[in-house]
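Analysis of the macromolecular model
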Amino acid sequence: MSNYKNKLMQLLKENDVIKFGDFTLSSGKKSNYYVDMKKAITEPEILECAAEMITQQIKDENIDKIAGPALGAVPIATATSLISKKPMLMIRKEKKSYGTSKQIEGELNTGDNVIIVEDVTTTGGSLLKAIDVIEDNGGNIIQAYVIVDRQEGAKETFEEKGIELKPLLTISEFKEYLNCNE
């Protein structure tokens, strides 16, 4: 696992995914760094590394489906599905108002054990909404995986809900890695 973690940190550094400076986040909050995960999830090596890390952690678990909320997590869920050979689910932010009017694409059966993946978390709020959709439709969330945890409350929020959030990497680990490799 640590080989993949080191590889992931190196790939994020090489691809300039985590940028330092003055940024305004989507929440309106100011930050001295920005995690450009949309850039990361378009890179095959980063996706493969993250999917391998997640697959290693779930291989002995009774997992039926890999879920990812649109948009950022869908490539992660796809890559993990391909490597783990587990079917995937895509969770829309809102129900479609046309066609089949689904909010979940893919087949979720009542009682399915599901892991959910995400690109980056801050407080975890958007991921919790996707989890609610899965649970409201009969799925059991086993664990949540995120490529980068900004360490701004998501882990604690998930603990309150009784779900383990498993970051592949925390922002503290990445900063420490940069300090050791400059």
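Above this text sits the structure in question.
With that settled, the discussion passes to helix H7 (residues 171-180). All buried positions along H7 are accounted for by Ile171, Phe174, Tyr177 and Leu178. Angularly, the buried residues of H7 cover 120° about the axis, an arc narrow enough to put them on a single face. Across H7 from its buried face, at more than 90 degrees, point the exposed residues Glu176, Asn179 and Cys180.

Along the chain, alanine 70 connects to leucine 71 via a cis peptide bond; the corresponding omega equals 5°. Relative to the assigned elements, leucine 71 resides in the loop between strand S3 (65-69) and helix H4 (74-84). Here the phi dihedral of lysine 85 falls at roughly 65°; this positive angle occurs in a residue that is not glycine. Mapped onto the secondary structure, lysine 85 falls in the loop between H4 and strand S4 (88-91). A residue is classified by how much of its surface remains accessible, and lysine 85, at 69% relative accessible area, is exposed. Although it is not a glycine, glutamine 151 adopts a positive phi angle of roughly 60°. When you line up the elements, glutamine 151 lands in the loop between strand S7 (140-149) and helix H6 (154-161).

Turning to the nonpolar core, a few remarks are in order. Leu8, Leu12 and Val117 are the most contacted members of the largest nonpolar core, which has 36 residues in total. The element contributing the most residues to this core is helix H3 (residues 44-58), with eight residues. With residues up to four places along the chain from it excluded, the contact list for leucine 12 reads Val17, Ile18, Ala40, Ile46, Val148, Leu169 and Phe174. Counting residues in hydrophobic clusters, the runner-up holds 20 residues, among them Ala67, Ile91, Ile104 and Val133.

To continue, consider the layout of surface pockets. Rolling a probe over the atoms, with the probe sized like a water molecule, indicates the empty space that remains. Taken as a whole, the largest pocket holds about 830 Å³ of empty space. Lining the largest pocket are 31 residues; nearest its centre among them are Ser26, Glu118, Val120, Thr122 and Ser126. Listing elements by their share of the lining of the largest pocket, those giving two or more residues are strand S2 (30-35), helix H2 (37-40), strand S6 (113-121) and helix H5 (125-136). Per-element tally for the lining of the largest pocket: the top contributor is H5, with six residues. Broken down by class, the residue content of the lining of the largest pocket amounts to twelve nonpolar, ten polar and nine charged.

One can describe the packing of helix H1 (residues 2-14) onto H3 by two numbers: an axis separation of 10 Å at closest approach and a directional angle of 155°. Judged on the interaxial angle alone, H3 and H1 are roughly antiparallel. In the packing of H1 onto H3, the handedness of the crossing is left-handed. Counted together, Tyr4, Lys5, Lys7, Leu8, Leu11 and Leu12 of H1 and Glu45, Ile46, Cys49, Glu52, Met53 and Gln56 of H3 form the full contact between these two elements. Here the contact of H1 with H3 is built from residues that sort into seven nonpolar, one polar and four charged.

Next up on the list: the sheet that holds S4. Adjacent strands of a sheet form backbone hydrogen bonds with each other and so pair up, either parallel or antiparallel. Read from one edge to the other, the open sheet built from six strands follows the order S5-S4-S3-S6-S7-S8, with strand pairing classed as mixed. Every other strand in the sheet has two partners, leaving strand S5 (104-105) and strand S8 (164-170) as the edge strands with one partner each. Summarising the sheet, S3 and S4 pair through four bridges and their orientation is parallel. Looking across to S4, one finds that glycine 68 is bridged to methionine 90. Relative to S8, H6 is tilted by about 165°, and along the sheet it contacts S6, S7 and S8. Where H7 meets the sheet, its contacts fall on S7 and S8, and the angle it forms with S8 comes to roughly 15°.

Rules used in this analysis
- Residues numbered from 1 in each chain as written.
- Predicted model: local features only at pLDDT ≥ 70, side-chain atom pairs only at ≥ 80, totals over all residues.
- Heavy atoms only, no water.
- Buried < 20%, exposed > 50% of the residue type's maximum accessible area, 1.4 Å probe, protein only.
- Helix = DSSP H or I, 4+ residues; strand = E, 2+ residues; numbered from the N terminus.
- Arc of directions from axis to C-beta.
- Core = buried A, V, L, I, M, F, W, Y, C linked by side-chain atoms within 4.5 Å.
- Contact = heavy atoms within 4.5 Å.
- 1 Å grid on protein atoms, 1.4 Å probe; cavity = no way out; pocket = protein on both sides within 12 Å on 5 of 7 lines; lining within 4 Å.
- Points joined across faces, edges and corners; volume = space filled by probe spheres on them.
- Nonpolar A, V, L, I, M, F, W, Y, C, P; charged D, E, K, R; others polar.
- Axes fitted to C-alpha atoms, helices over the stretch in contact; angles between N-to-C directions.
- Parallel < 35°, antiparallel > 145°, perpendicular 65-115°, else oblique.
- Left-handed = near helix turned anticlockwise from the far one by under 90°.
- Pairing = 2+ DSSP bridges.

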